[in-house]
Amino acid sequence: MARITFDRSLYTPEAVAAAYAEYADIALERSGDAVIAVIDAVTGGDRQTIENSFCNLALQETIVRMRRAPAPEDE
Amino acid sequence: MAPGEQDGPSEAPESRLGFSLGRDHVSFDVDETVYPLEAIYGGSYLFVDRCFVFLSRPSPRVVNVRLTSRGPATPAELDALAGEFLNELLSQVTRLRLSQATARIREYYTAAALRAAASAPSVDDLLAELDSEELGDDPLEIQVPWEEKSGEKGTEPK
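Computed from a predicted structure; not experimentally measured.

Observations regarding the overall build of chain A
At step 1: Each helix and strand in chain A was counted, giving two helices and three strands.
At step 2: Helices and strands appear in chain A in the N-to-C order β-α-β-β-α.
At step 3: For chain A, buried positions account for 32% of its 75 residues.
At step 4: Taking contacts inside chain A between residues at least 6 apart in sequence as the whole, the part at least 24 apart equals 62%.

As for the pairing of strand E4 (residues 62–69) of chain B
Residue and element names in this part refer to chain B.
At step 1: Alignment of strand E2 (residues 25–31) against E4, held across seven bridges, turns out to be antiparallel. Of the residues in E4, the one forming a bridge with Phe-28 is Val-65.
At step 2: Between strand E3 (residues 51–59) and E4, which pair antiparallel in sequence order, lie two residues; one of them, Arg-61, sits at a positive phi of approximately 65°.

Considering the interface of chain A and chain B
At step 1: Contacts between chain A and chain B engage 16 residues on the former and 16 residues on the latter.
At step 2: Broken down by secondary-structure element, the contributors of at least two residues to the side of chain A that touches chain B are strand E1 (2–7) and helix H2 (47–68) of chain A.
At step 3: For the side of chain A that touches chain B, the leading source of residues is H2(A), giving nine residues.

Details of unusual backbone geometry
Peptide bonds are mostly trans, and most non-glycine residues show a negative phi.
All names here are of chain B.
At step 1: The phi angle at Asp-24 is positive, at roughly 65°, despite the residue not being glycine.
At step 2: Residue position: Asp-24 is located in the loop between strand E1 (20–22) and E2.
At step 3: Phi is positive for Arg-61, close to 65°, though the residue is something other than glycine.
At step 4: Positionally, Arg-61 belongs in the loop between E3 and E4.
At step 5: Accessibility expressed as a C-beta count within 10 Å gives 11 for Arg-61, which makes it exposed.

Here's the deal with the sheet that holds strand E2 (residues 24–31) of chain A
All names here are of chain A.
At step 1: Spatially, E1-E3-E2 is the arrangement adopted by the three strands of the open sheet, whose pairing is antiparallel. Each edge of the open sheet is held by one strand with a lone partner, namely E1 and E2. When the angles between neighbouring strand axes are averaged without regard to direction, this sheet yields 25°.
At step 2: With six bridges joining them, E1 and strand E3 (residues 34–42) adopt antiparallel strand pairing. Considered in E3, the bridge of Ile-4 is made with Ala-37.

Here we look at the packing of helix H1 (residues 37–47) of chain B against helix H2 (residues 75–101) of chain B
All names here are of chain B.
At step 1: Contact geometry for H1 and H2: axes closest at 8 Å, N-to-C directions at 130°. Considering their axes alone, H1 and H2 lie oblique with respect to each other. The chirality of how H1 crosses H2 is right-handed. Between H1, through Glu-38, Ala-39, Ile-40, Gly-42, Gly-43, Leu-46 and Phe-47, and H2, the contact on the second element is made entirely by Phe-85, Glu-88, Leu-89, Gln-92, Val-93 and Leu-96.
At step 2: Broken down by class, the residue content of the contact of H1 with H2 amounts to eight nonpolar, three polar and two charged.

Each value, and the rule that gives it
- Residues numbered from 1 in each chain as written.
- Chains lettered and ligands numbered in written order.
- Predicted model: local features only at pLDDT ≥ 70, side-chain atom pairs only at ≥ 80, totals over all residues.
- Helix = DSSP H or I, 4+ residues; strand = E, 2+ residues; numbered from the N terminus.
- Buried ≥ 20, exposed ≤ 12 C-beta atoms within 10 Å, placed from the backbone.
- Contact = placed C-beta atoms within 7 Å.
- Pairing = 2+ DSSP bridges.
- Axes fitted to C-alpha atoms, helices over the stretch in contact; angles between N-to-C directions.
- Parallel < 35°, antiparallel > 145°, perpendicular 65-115°, else oblique.
- Left-handed = near helix turned anticlockwise from the far one by under 90°.
- Nonpolar A, V, L, I, M, F, W, Y, C, P; charged D, E, K, R; others polar.

Here is the structure:
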């Protein structure tokens, strides 16, 4: 079982949740400033590659969601 | 804990550029006061196809970037990967600053273009303008038949 800690100032929890659900059993725990992904069983590939790909996808999803979000208006 | 991180001492190869090297990964800290998060995201987005990117926050206003190669990589290759990432980061910062500096003028030009499009004449206006134009003048005598101009009849121009 692997635990990957995503800082909430860098990753949106929704993006982490959306990433890679079909390749691994992932449970999310929220603790303070972090979202911890607990990766249990993985299917269809090497565990290390799946974990790294999961992190890549979580980052990519975060960036895409942040770019889609409307920019804050100037005061 | 970052993915692939292992407890206990591990063999640490030397980085020529001062990065932290591990087995198939390289990591370094980025100061967010110098490189805004948006630039870090921009650089990361371009690198997710080439390697695995993981961001963490060791302290406030500092982002740790960890790049893991997709296959076995030598320290020199990891150094090069991190160096390219930092170069891209600089490029992203420059692009961001330029974009912020020219935001007003871009807004102005967009508004001017929209205003011009809104006040463009309709087809009816254009037809009315054509009707009102003076078409009586023919200084090049284009409306005069060729026969009249040349004074001959029955011969066709070749």
